[in-house]
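# A look at the structure
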Amino acid sequence: MSDLPPKLPEPFAALVDLTAEPTTDQARRLTLALKAVPELQRWLRVQRQLTTRGLLDAEHTRKELAPILECSEQRVSDIASGHLNKAALARRARKQTEAEPS
């Protein structure tokens, strides 16, 4: 992981104005935003990891953070260290399998 956190994906920066009258530009921008959801999830995951790590480093406990993050104390540790949960690992394995040439 690099030292700099990833930038928030651009398609999400200007979504607030997409509730106006429908236009073709609005449809295009919504489509780009939907396609960039995985990038947004990666960004959010990194931000959550950095925040959780910072809270643990600042004397907060796993026990204190678990209900806030709605997970177990072990999962708090996993988040802080960047470990993926079982569902994310399964998705990654599936993607790798699909990407392999037949």
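Residues numbered from 1 in each chain as written. Predicted model: local features only at pLDDT ≥ 70, side-chain atom pairs only at ≥ 80, totals over all residues. Heavy atoms only, no water.

Okay, the overall build of the protein next. When its secondary structure is counted, the protein shows five helices and zero strands. Buried positions account for 19% of the 102 residues belonging to the protein. Summarising the internal contacts of the protein: among those between residues at least 6 apart in sequence, 47% fall at separations of at least 24. Roughly 7,900 Å² of accessible area belongs to the protein as shown, and the carbon and sulfur atoms make up 58% of that amount. (Helix = DSSP H or I, 4+ residues; strand = E, 2+ residues; numbered from the N terminus. Buried < 20%, exposed > 50% of the residue type's maximum accessible area, 1.4 Å probe, protein only. Contact = heavy atoms within 4.5 Å. Areas by Shrake-Rupley, 256 points an atom, 1.4 Å probe, with all protein chains shown as cover.)

With that out of the way, let us pick up a positive patch on the surface. A surface patch of positive charge is lined by Arg42, Arg45, Arg48, Arg91, Arg92, Arg94 and Lys95. Of all the secondary-structure elements, those providing two or more residues to the positive patch are α2 (37–57) and α5 (86–99). Ranked by residues supplied to the positive patch, first place goes to α5 with four residues. Along the chain, Arg92 falls in helix α5. What makes Arg92 partly exposed here is its relative accessible area of 48%. (Patch = residues over 30% accessible without salt bridge, like charges linked within 9 Å, V, L, I, M, F, W, Y side chains within 5 Å. Salt bridge = Lys/Arg side-chain N within 4 Å of Asp/Glu carboxyl O. Lys, Arg positive; Asp, Glu negative; His and termini not counted. Charge placed at Lys NZ, Arg CZ, Asp CG, Glu CD.)

Here we take up the side chain of Thr52. Relative to the helices and strands, Thr52 resides in helix α2. By relative accessible area, which is 3% here, Thr52 ends up buried. Reaching out from Thr52, the side chain makes a polar contact with the backbone oxygen of Arg48 at a distance of 2.8 Å. Once residues within four sequence positions are removed from consideration, Thr52 is found in contact with Leu65, Leu69, Val76, Ile79 and Ala80. (Polar contact = N/O pair within 3.5 Å; in protein donor to acceptor, adjacent residues only side chain to side chain.)

This paragraph deals with the pattern of salt bridges. Evaluation of the coordinates by the stated rule reveals four salt bridges. Between Arg28 and Asp25 there is a salt bridge, with the nearest N and O atoms lying 2.6 Å from each other. With a gap of three residues between them, Arg28 and Asp25 both fall in helix α1 (residues 24–35), about one helical turn apart. Residue classification places Arg28 among the partly exposed residues on the basis of a relative accessible area of 45%. Residue class for Asp25 comes out partly exposed when judged on its relative accessible area of 35%. A salt bridge links Arg62 to Glu73; its shortest N-O distance comes to 4.0 Å.

Membership of the largest hydrophobic core is limited to five residues, which are Leu56, Leu65, Ala66, Val76 and Ala80. Broken down by secondary-structure element, the contributors of at least two residues to this core are α3 (62–69) and α4 (73–81). The contact partners of Leu56, leaving out residues within four places of it in the chain, are Thr61, Arg62, Leu65, Val76 and Ala80. (Core = buried A, V, L, I, M, F, W, Y, C linked by side-chain atoms within 4.5 Å.)

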